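Each chain, letter by letter, is given below.
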Amino acid sequence: MTKPRSPAQWHGYPFVWAWYVSIASFDAAFIENRCQEAKAEEAPADAVYKTGPRNTPPNRWITLEQLSEDHRDRVRDYGNALLHWEQELTARRNRPAVQPLRAQQPTATPTVPTPADPREH
């Protein structure tokens, strides 16, 4: 499976990346170029691939909902996994590296006097 090195490689179009992986494309640069094309053309957020000039309709972005059920489920699952990975990376980056210490508040438990040691007298 062709995995992106970072979320930046799919340029906001994880389903385009997922589509090309689902049809066994192993060239990450090719897949990234398709994602860049989707971004440049402001394709729909759920775009999957663009039809060719000889297809009907020509040069149009196909979305998730237009895929057959089998392809749609696989592409959606992988695309959502990519989005989840991106969210986890963002959360990890935003989390402080070291947790700050919290000052402990004194407890309000009453102290019990200790009996005097009989040897002290």
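Please read these numbers as outputs of a predicted model, since none were measured by experiment.

Concerning helix 2 (residues 28-40)
Between its terminal C-alpha atoms helix 2 stretches 18 Å, which fits the 18 Å expected from 13 residues at 1.5 Å a residue. The set of residues buried in helix 2 consists of Ile31, Glu32, Cys35 and Ala38. Viewed along the axis of helix 2, the buried residues span an arc of 110°, placing them on a single side of the element. Elements that come into contact with the buried residues of helix 2 comprise helix 1 (14-22) and strand 2 (61-63). Capping the start of helix 2 is the job of one residue whose side-chain oxygen sits 3.1 Å from the backbone nitrogen of alanine 29: aspartate 27. Downstream of helix 2 by a residue or two, glutamate 42 has a phi angle that is positive, lying close to 50°.

Observations regarding helix 1
Within helix 1, eight of the nine residues are buried, which leaves the element mostly enclosed by the surrounding structure. In this structure, the buried side of helix 1 is in contact with helix 2, strand 1 (47-50), strand 2 and helix 3 (69-94). Of the residues trailing helix 1, alanine 24 is marked for its positive phi of about 70°.

Points about the packing of helix 1 against helix 3
The geometry of helix 1 relative to helix 3 is characterised by a closest axis approach of 8 Å and an angle of 125° between their N-to-C directions. As judged from the angle between their axes, helix 1 and helix 3 are oblique. The handedness of the crossing between helix 1 and helix 3 is right-handed. Every residue of helix 3 that contacts helix 1 at Pro14, Phe15, Trp17, Ala18, Trp19, Val21 and Ser22 is listed here: His71, Arg74, Val75, Arg76, Tyr78, Gly79, Asn80, Leu82 and Leu83. Split by residue class, the contact of helix 1 with helix 3 holds ten nonpolar, four polar and two charged.

Quick notes on unusual backbone geometry
Keep in mind that most residues, glycine aside, have a negative phi and that most peptide bonds are trans. A cis amide bond links threonine 56 with the next residue in sequence, proline 57, at an omega value of -10°. Within the secondary structure, proline 57 sits in the loop between strand 1 and strand 2. Phi is positive for histidine 11, close to 50°, though the residue is something other than glycine. By the element assignment, histidine 11 lies in the segment before helix 1. In this model, glutamate 42 sits at a positive phi of 50°, which is unusual for a non-glycine residue.

Cut-offs used in this document
- Each chain carries its own residue numbering, running from 1 in the direction its sequence is written.
- Local features are withheld for residues below a pLDDT of 70 in this predicted model, meaning they are given only at 70 or higher, and side-chain atom pairs are given and counted only at 80 or more; totals for whole chains, interfaces and linings count all residues.
- Calculation of side-chain values draws on the structure's entire complement of heavy atoms; hydrogens and water are dropped beforehand.
- Working definition: helices are DSSP H or I runs of at least four residues, strands are E runs of at least two. Numbering for both runs from the N terminus.
- What a helix should span is 1.5 Å times the count of its residues minus one.
- We call a residue buried when its accessible area falls under 20% of the maximum for its residue type, exposed when it is over 50%, and partly exposed in between, using a 1.4 Å probe and counting protein chains only.
- By arc we mean the arc of the directions from the helix axis to the C-beta atoms, nothing more.
- Two residues form a contact once any of their heavy atoms are found within 4.5 Å.
- Any pair of nitrogen or oxygen atoms within 3.5 Å is treated as a polar contact; in protein, a donor-acceptor pairing is required on top of that, and neighbouring residues in sequence qualify only through side-chain atoms on both sides.
- Axis definition: a line fit to C-alpha positions, over the contact stretch in the case of helices; interaxial angles, taken between N-to-C directions, run 0 to 180 degrees.
- For this classification, under 35 degrees means roughly parallel, over 145 means roughly antiparallel, 65 to 115 means roughly perpendicular, and everything else is oblique.
- If you view the pair so one helix is near and one far, a crossing is left-handed when the near helix is turned anticlockwise from the far one by less than a right angle, and right-handed when it is turned clockwise.
- Residues are grouped as follows: nonpolar covers Ala, Val, Leu, Ile, Met, Phe, Trp, Tyr, Cys and Pro; charged covers Asp, Glu, Lys and Arg; every other residue, Gly included, is treated as polar.

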